[in-house]
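For reference, the chains in residue letters:
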Amino acid sequence: MSNIELKTHSESFILGSEQEIEQVDEGIKRQMLGFDGQLMIAKVWFEAGAIGYAHKHFHSQVSYVESGEFEVTVDGVVKLLKAGDSFYIAPNKMHGALCKKTGVLLDVFSPARQDFLEK
């Protein structure tokens, strides 16, 4: 069992070297970091060419490009984003990303994505 299963909140301190990293899709891995019912942050690694397929959810989301280059689509608008850039996704807006250069996104959700915690 990972240290986040069946919990309503994370520990106060999460050590990246000890936290599980899961394969979520081809070329995409995710590590859950801090969360409670209202807020969640996840670190997501993308290999070049990996696709975060278009989808929508009722959560607000802000993503920060830690590294790499991503072609991001939010509600039909497409932008090329690089390290240091970020994007906001309002609830129920279609969005997706194509990784152009291997990189990492930090995704913040409100409320927490319970589907990410279910195994």
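Further up the page is the structure itself.
Keep in mind that what you see is a predicted model, and the values were worked out from it rather than measured. Sequence order as written defines the numbering, with residues in each chain counted from 1. Under the rules for a predicted model, residues below a pLDDT of 70 receive no local features and side-chain atom pairs below 80 are neither given nor counted, while totals for whole chains, interfaces and linings still include all residues. With hydrogens and water stripped out, all remaining heavy atoms of the structure feed into the side-chain values.

Asks: Honestly, the pattern of salt bridges in this entry has me stumped. Any pointers?
Replies: For side chains bearing opposite charge, pairing can occur when the charged atoms are close. A pairing counts as a salt bridge when a side-chain nitrogen of Lys or Arg comes within 4 Å of a carboxyl oxygen of Asp or Glu. Under the definition given, this model contains 5 salt bridges. Ionic pairing is found between R30 and E22, a salt bridge with its closest N-O pair at 3.4 Å. Of the two residues, R30 and E22, neither departs from the other in class, the shared state being buried. The salt bridge involving K93 is made with D75; its shortest N-O contact spans 3.6 Å. Placement of K93 in the loop between β7 (86-89) and β8 (95-110) and of D75 in the loop between β5 (60-74) and β6 (77-82) is noted, with a sequence separation of 18 residues between them. Think of it in three bands: with a 1.4 Å probe and only protein chains considered, a residue is buried below 20% of the maximum accessible area for its type, exposed above 50%, and partly exposed in between. Owing to a relative accessible area of 48%, D75 belongs among the partly exposed residues under this scheme. Only DSSP runs of H or I reaching four residues or more are called helices, and only runs of E reaching two or more are called strands; each is numbered from the N terminus.

Asks: Help me understand the side chain of Q61 in this model?
Replies: Along the chain, Q61 turns up in strand β5. With a relative accessible area of 6%, Q61 lands in the buried category. By the criterion applied in these results, polar contacts are pairs of N or O atoms within 3.5 Å in which, for protein atoms, one can donate a hydrogen and the other can accept it, and in which residues neighboring in sequence qualify only through two side-chain atoms. There is a polar contact of 3.5 Å between the side chain of Q61 and the side chain of H95. Note on contacts: a residue pair qualifies if any of its non-hydrogen atoms lie within 4.5 Å across the two residues. Beyond its immediate stretch of four places on either side in the chain, Q61 contacts F87, Y88, I89, H95, D107, V108 and F109.

Asks: Looking at this structure, I do not really get the pairing of β5. What am I missing?
Replies: Successive residues of a regular strand alternate their side chains across the two faces of the sheet. When DSSP finds two or more bridges between two strands, those strands count as paired. One ladder, built from 13 bridges, connects β5 with β8; its direction is antiparallel. Bridging across to β8, V65 finds its partner in L105. Bridge count between β5 and β6: 6 bridges; the pairing is antiparallel. Bridge pairing links F70 to L81 in β6. Linking two consecutive strands that pair antiparallel, namely β5 and β6, is a turn of 2 residues; a positive phi of about 55° is found at D75 within it.

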